[in-house]
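Listed here are the chains, written in short residue letters.
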Amino acid sequence: MKSIKIIVLLALISFTFSCENQQKTSPTFLESKIESRKNAPFSDAVEVNGLLFLTGQVGKNHKTGKVVEGGIEAETEQVLKNIQDVLEANDSDMQHVVKCTVILSDINDFSKMNKVYRTFFTDNKPARTTFAADLVPGYKIEIEVVAAKK
């Protein structure tokens, strides 16, 4: 009977300890590290429980403020570099990406996009959804990701 009481007591202590040490679920809205985006009406990333939810990125070079030239391949590369920059500014990297949503303005660009995309995800293969939709005029692609912090 004593052993049952000890087991119950240990279980209660363990339960209490785990409840006190749960992560907070309140989101943290992270300020952009990109000067031109500091007054945007959205966050570059939001952190919840060690996950980063990134705003969709387009093929805009944030240094020049212009969409890159060269079609879907060049835009895809720029989008993924923009994602890398936001992840690195917030304690993560491409190896920690767990989910991607790819939006193309033309679904016929899928294979060209995918060729560039594969060069950024060589070791890990995040879950992914891809579809075509109207994008901001002048852009061929937008990608948003969810990543774990390092």
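Please refer to the structure placed before this passage.
First, a word on scope: everything that follows refers to the structure included in this document.

Reading the values: rules and limits
- Residues numbered from 1 in each chain as written.
- Predicted model: local features only at pLDDT ≥ 70, side-chain atom pairs only at ≥ 80, totals over all residues.
- Heavy atoms only, no water.
- Salt bridge = Lys/Arg side-chain N within 4 Å of Asp/Glu carboxyl O.
- Helix = DSSP H or I, 4+ residues; strand = E, 2+ residues; numbered from the N terminus.
- Buried < 20%, exposed > 50% of the residue type's maximum accessible area, 1.4 Å probe, protein only.
- 1 Å grid on protein atoms, 1.4 Å probe; cavity = no way out; pocket = protein on both sides within 12 Å on 5 of 7 lines; lining within 4 Å.
- Points joined across faces, edges and corners; volume = space filled by probe spheres on them.
- Nonpolar A, V, L, I, M, F, W, Y, C, P; charged D, E, K, R; others polar.

1. Quick look at the pattern of salt bridges
Then comes step 1: Counted by the stated rule, this structure contains 3 salt bridges.
Then comes step 2: Ionic pairing is found between D93 and K150, a salt bridge with its closest N-O pair at 3.7 Å. Taken together, the residues span a long stretch of sequence, with D93 in the loop between α2 (71–89) and β7 (97–104) and K150 in the segment after β9 (141–148) at a distance of 57 residues.
Then comes step 3: Given the relative accessible area of 65%, K150 is considered exposed.

2. What about the layout of surface pockets?
Then comes step 1: Put simply, the largest pocket is a space of about 250 Å³.
Then comes step 2: Lining the largest pocket are 13 residues; nearest its centre among them are R37, F42, G56, V58 and K60.
Then comes step 3: A per-class count over the lining of the largest pocket returns 5 nonpolar, 5 polar and 3 charged.
Then comes step 4: If you add up the space inside the second largest pocket, you get close to 160 Å³.
Then comes step 5: Forming the boundary of the second largest pocket are N114, Y117, R118, F121, T122, N124, K125, P126 and R128.
Then comes step 6: Examining the composition of the lining of the second largest pocket, we find that 3 residues originate from one element, helix α3 (residues 110–120), more than from any other.
Then comes step 7: Residue composition of the lining of the second largest pocket, grouped by class: 3 nonpolar, 3 polar and 3 charged.

3. Looking at unusual backbone geometry
Then comes step 1: Here N49, not a glycine, exhibits a phi torsion of approximately 50°, which is positive.
Then comes step 2: In this fold, N49 is placed in the loop between β2 (45–48) and β3 (51–54).
Then comes step 3: At D91, a residue that is not glycine, the phi angle is positive and equals roughly 65°.
Then comes step 4: Position of D91 among the secondary structure elements: in the loop between α2 and β7.

Such coordinate-based values are descriptive only and should not be taken to indicate function.
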